[in-house]
Amino acid sequence: MEGDCHYLEGNLNARRRVEYVSKLLEEIGLEGQRVRMINMSSAMGAQFAQAATDMTATIKEIGPNPLREM
Amino acid sequence: MIVAEQKPLNEIKTMIADAERVLLVGCGTCVTVCFAGGTKEVDLLATSLRMSTKLDGNGKVVDEFTVQRQCEWEYNEPLKEKLDDYDLVVSLGCGVGVQTLNEQFPQKQFVPGLNTAFMGLPTEQGVWEERCAACGNCILDKTGGICPIARCAKQLLNGPCGGSQNGVCEIESDVPCAWQLIWERANDLGQIDRLMELQPAKDWRTSRDGGPRKIVREDLRLVAHEEE
């Protein structure tokens, strides 16, 4: 969970980096929502499935990466 | 080290707007250490530019190359044979690097991908602070190793101004008053009495006021220059 990482503050550092990548994607002209970080433990199977479903829905709504079609 | 940061992507895109083939050139020295213009940053910027210009409908060729030190002629030599392949080169070196490249290869135009900020040090990972203003006449011996030229907003030489409150400068709550630091340091060193010596107005001719500066060391020059 956030802040509760085997590598101490590793997932807090990772969150800032993911936010950076999200902003970079926006700057480039893509949607920042294409990258997302979610914290969960290995015992949270149901939540993982839900997060994957949500992410899939987000990506379907945004549509395919336009760069792949060019 | 020289500390710099990357220009906004849109500004760089505007600079390269008229070019079809662009080369990004990083520098392996100061700007690598401050994560602004090393191999990794060149890679990231090149990818961003390729993606972004493609999305804009005018995809450009953006290639990458990093030299060890842009501010010395010999390190830039490997660039020579590559330049003909490009319309424009973006330097991710400091301002010295950009100018060195323009001077060394006048047939090509080099534009800056970075804003060169100051000379300083990383006080923690991800944080850089200014420490030297290159005034050309160092007085750190008189101020306990803390520079009032680089670190005092008013560059005062004889103690703090009224804007110093509880050790903090009035310009920003996270900027310590340089003269508070100098006083504390002198106190720790048992040298408060040295601060009582009045410092005359600084001669700024050794700084920018004297125009562009130059150092010539005849002992290091090669004989060849005398024959020129």
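Since we're looking at a predicted model, the values are computed, not measured. (Residues numbered from 1 in each chain as written. Chains lettered and ligands numbered in written order. Predicted model: local features only at pLDDT ≥ 70, side-chain atom pairs only at ≥ 80, totals over all residues.)

## Examining the overall build of chain B
- A count of helical and extended segments in chain B gives 8 helices and 7 strands.
- For 228 residues, the compact-globule estimate of 2.2 N^0.38 gives 17 Å, and chain B exceeds it by more than 25% at 22 Å.
- When its C-alpha atoms are laid out on the principal axes, chain B stretches across 65 × 55 × 25 Å.
- A burial count over chain B gives 30% of its 228 residues as buried.
- Considering only contacts within chain B whose residues lie at least 6 apart along the sequence, 58% involve residues at least 24 apart. (Helix = DSSP H or I, 4+ residues; strand = E, 2+ residues; numbered from the N terminus. Rg over C-alpha atoms; globule rule 2.2 N^0.38 Å. Buried ≥ 20, exposed ≤ 12 C-beta atoms within 10 Å, placed from the backbone. Contact = placed C-beta atoms within 7 Å.)

## Concerning the sheet that holds strand β6 (residues 114–124) of chain B
Residues and elements named next belong to chain B.
- With antiparallel pairing, 3 strands are arranged side by side in an open sheet as β1-β6-β7. Each edge of the sheet is formed by a strand with only one pairing partner; in this case those strands are β1 (2–6) and β7 (127–132). Sheet twist, expressed as the mean angle between neighbouring strand axes with direction ignored, is 70°.
- Note: β1 against β6, 5 bridges, orientation antiparallel. Opposite V3, over in β6, you have F118 as the bridge partner. (Pairing = 2+ DSSP bridges. Axes fitted to C-alpha atoms, helices over the stretch in contact; angles between N-to-C directions.)

## Side note on unusual backbone geometry
Residue and element names in this part refer to chain B.
- Despite not being glycine, A134 shows a phi value in the positive range, around 50°.
- Within the fold, A134 resides in the loop between β7 and α6 (148–151).
- With 13 C-beta atoms counted inside 10 Å, the residue A134 sits in the partly exposed group.
- The phi dihedral of Q155 falls on the positive side, at around 55°, and the residue is not glycine.
- Along the chain, Q155 turns up in the loop between α6 and α7 (178–189).

## Some remarks on the nonpolar core
All names here are of chain B.
- Within the largest apolar cluster, 30 residues are counted, with the highest numbers of intra-cluster contacts made by A4, L24, V31 and L92.
- Secondary structure elements with two or more residues in this core: β1, β2 (21–27), α2 (30–33), α3 (39–55), β3 (61–67), β4 (88–92) and α5 (95–104).
- A total of 5 residues in this core trace back to one element, the largest contributor, which is β2.
- Apart from residues no more than four positions distant in its own chain, V31 is found in contact with I2, A4, A36, G37, G38, L92, G93, C94 and L114.
- Listed in part, the 11 residues of the second largest apolar core include C147, I149, C169 and C177. (Core = buried A, V, L, I, M, F, W, Y, C linked by C-beta atoms within 7 Å.)

## Some remarks on helix α1 (residues 10–28) of chain A
- Over its 19 residues, α1(A) extends 27 Å from the first C-alpha to the last, a length consistent with the 27 Å expected when each residue adds 1.5 Å.
- The positive-phi residue at the C-terminal boundary of α1(A) is A:G29, with phi of around 120°. (Expected span 1.5 Å × (residues − 1).)

## Regarding the interface of chain B and chain A
- At the interface, 6 residues of chain B touch 7 residues of chain A.
- It is α3(B) that contributes the most residues to the side of chain B that touches chain A, 5 residues altogether.
- Classifying every residue of the side of chain B that touches chain A gives 3 nonpolar, 2 polar and 1 charged. (Nonpolar A, V, L, I, M, F, W, Y, C, P; charged D, E, K, R; others polar.)

## Some details on the sheet that holds strand β5 (residues 110–112) of chain B
Residue and element names in this part refer to chain B.
- Strand order across the open sheet formed by 4 strands is β3-β2-β4-β5, with parallel pairing between neighbours. Looking at which strands have only one partner, the edges of the open sheet turn out to be β3 and β5. On average, each strand axis in the sheet is tilted by 30° relative to the strand beside it, whichever way the strands run.
- Here 7 bridges tie β2 to β3, and the two strands are oriented parallel to one another. The residue of β3 that forms the bridge with G26 is T66.
- Across the sheet, α3 touches β2, β3 and β4, and the angle it forms with β3 is around 175°.

## Let's talk about the pairing of β4(B)
Residue and element names in this part refer to chain B.
- Where burial is concerned, most of β4 is hidden: 4 out of the 5 residues are buried.
- Here β4 runs beside β5; their pairing, made up of 3 bridges, is parallel. When the sheet's bridge partners are listed, V89 is paired in β5 with F110.
- Traced from β4 through α5 to β5, the parallel crossover comes out right-handed. (Right-handed = clockwise from strand over helix to strand, strands pointing away.)

## Details of helix α2 (residues 45–62) of chain A
- Over its 18 residues, α2(A) runs 26 Å from end to end, which matches the ideal 26 Å to within 8%, given 1.5 Å per residue.
- With its phi angle positive at about 100°, A:G63 sits one or two positions after the end of α2(A).

## So, the domain arrangement of chain B
- Here chain B is described as being made up of domain 1 (2–118) and domain 2 (135–210).
- On a C-alpha basis, the centres of domain 1 of chain B and domain 2 of chain B stand 37 Å from each other. (Domains from an automatic or database assignment.)

## Describing the confidence of the model for chain B
- Here chain B shows a mean pLDDT of 96. Residues at 70 or above account for 98%.
- Interface scoring of the predicted complex returns ipTM 0.86; its pTM is 0.91. (pLDDT = per-residue confidence, 0-100.)

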